[in-house]
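# Architecture and fold: a report
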Amino acid sequence: MTLLARTGARYARILGVGRALPSRVVDNAEMCTYIDSSDEWIRQRTGIVERRWIADGESVETLARDASLEAIANSGVAPADIDAVIVSTVSYFHQTPGLAPKLAFQLGAIGAAAYDISAACAGFCYAIAQAEALIRSGAATHVLVVGAETLSRLTDLSDRSTAFLFADGAGAVVIGPSDVNGISPVVWGSDGEAGPTIHQATDWEGAVRDQTWPYIWMDGRQVFRWASGFVADAALDILEKSGLTPDDLDTFIPHQANNRITDAMLRHLKLPEHVKVARSIVNYGNNSAASIPIAMSEMLASGEAKSGDTALIIGFGAGLVYAGQVVTLP
Ligand code: UT7
């Protein structure tokens, strides 16, 4: 007996992108009411001027929904034709069921395969790799990929080494079949040995037992070194596996962790002047899995990037994990 197999589209590409930001703006002056810091220090060390936190009536669910609605509208794909939904988040507090099935139902992607992944700040690029593989294998035709976070709920506002950094937001893309390739081979990996570099101070059991909240703790200097060295090398590998050189790029959209990490990557990659670089951290802080699609959406909306541009995207964070691709902007 031979089992039947299937294959899907030859190629995949991003068809539409959307974003959703919470309404509450938290500037550095307000941040300095929580921690011993200064507007000048935060700007110089990270680039951040302000960030967004959820207010009453907003949640990781509403952000994911609003970003998805915009991405679906921009893609021209009917919700009923989306047959897989992947949500990357570390801040949806229901262990089960996941956010993706609920979101698929709310959006009208009735019956779609739907699941959450946990790959922190690399989660969006992990999910893009999955979506591309699902479409090319024939397991799905149109995949909604969402990065949605409310890191404000996991941030210790008395910790001056992280409080100014983390933020809330959501970004989404619809990915579908294409005649020309719009998503390069992924370069990805992990280093679990370095896991303690960014971790939650306790798990949920410990939180209940000891009455402590599972805030995110980070050795910022170590993450900084890893991101500007090892991860920057991975970005070069992405270019090589795409068959491109830095000159071929129009846009660079790294995870918005710190403007100084972005600068270090730029030096490492030797990107030419014409390449537009995402800097959405300035207004939105570090919103983990949401940062790349938010930046992509903003750059397209402002005209800084345009449809058809060739963009290098790369995410990195807790795990440690990293992933990236070259994509054609929708
Ligand atoms: O999202 C994915 C994972 N996360 C990241 O990629 C984040 C990576 N790391 C970073 O972005 C940076 O390490 C931080 C922004 C978190 C910190 O910047 P840094 O340049 O690495 O600062 P540092 O920890 O080396 O501290 C430098 C100085 C220290 O003072 P001394 O010892 O030089 O006198 C700190 O005590 O800055 C001091 N400092 C602060 N000063 C004002 C530390 N935090 C603050 C603060 N305000 N909030």
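Reference entry: report on the structure contained in this document. (Residues numbered from 1 in each chain as written. Predicted model: local features only at pLDDT ≥ 70, side-chain atom pairs only at ≥ 80, totals over all residues. Heavy atoms only, no water.)

Below, the discussion takes up the packing of helix α3 (residues 60-75) against helix α4 (residues 99-107). Where α3 contacts α4, the axes come no closer than 10 Å and their chain directions differ by 50°. Compared by their axis directions, α3 and α4 come out oblique. Where α3 crosses over α4, the two elements pack in a sense that is right-handed. Residues V60, E61, A64, R65, S68, L69 and I72 of α3 touch α4, and the partners they reach there are L99, K102, L103, Q106 and L107. Tallied by class, residues from the contact of α3 with α4 come to 7 nonpolar, 2 polar and 3 charged. (Axes fitted to C-alpha atoms, helices over the stretch in contact; angles between N-to-C directions. Helix = DSSP H or I, 4+ residues; strand = E, 2+ residues; numbered from the N terminus. Parallel < 35°, antiparallel > 145°, perpendicular 65-115°, else oblique. Left-handed = near helix turned anticlockwise from the far one by under 90°. Contact = heavy atoms within 4.5 Å. Nonpolar A, V, L, I, M, F, W, Y, C, P; charged D, E, K, R; others polar.)

This paragraph deals with the pairing of strand β13 (residues 310-317). In terms of burial, β13 is a largely internal element, 7 of the 8 residues being buried. One ladder, built from 4 bridges, connects strand β11 (residues 251-254) with β13; its direction is parallel. The partner of P254 across the bridge, within β13, is I314. Linking two consecutive strands that pair antiparallel, namely β13 and strand β14 (residues 321-328), is a turn of 3 residues; a positive phi of about 155° is found at G319 within it. (Buried < 20%, exposed > 50% of the residue type's maximum accessible area, 1.4 Å probe, protein only. Pairing = 2+ DSSP bridges.)

Geometry of an aromatic ring pair is reported as the spacing of the ring centres plus the angle between the planes. The final tally for this structure, using the stated rule, is 8 aromatic pairs. Aromatic pair W204 and W213: ring centres 5.6 Å apart, planes at 80°, arrangement edge-to-face. (Phe/Tyr/Trp six-rings, centres within 6.5 Å; stacked < 30°, edge-to-face > 60°.)

This part takes up helix α7 (residues 220-242). Taking 1.5 Å as the rise per residue, α7 with 23 residues should run 33 Å; its terminal C-alpha atoms sit 31 Å apart, in good agreement. A maximum bend of about 35° is found in α7 at A227. Every buried residue of α7 is listed here: V223, W226, A227, S228, V231, A232, A234, A235, I238 and L239. Those residues of α7 hidden inside the fold are in contact with β8 (187-190), β9 (198-200), β10 (216-218), α8 (259-269), β13 and β14. (Expected span 1.5 Å × (residues − 1). Bend = angle between axes of the 7 residues up to and from the residue.)

With mixed pairing, 5 strands are arranged side by side in an open sheet as β8-β14-β13-β11-β12. The sheet terminates laterally at β8 and β12 (276-277), the two strands that pair on one side only. Relative to β14, β13 runs antiparallel, the two sharing 8 bridges. Residue G315 lies in a different strand from β14, and its bridge partner there is A323. Running over the sheet, helix α5 (residues 123-137) touches β8, β13 and β14 and is turned about 60° from β14. Those strands touched by α7 are β8, β13 and β14, and its axis lies near 145° from that of β13.

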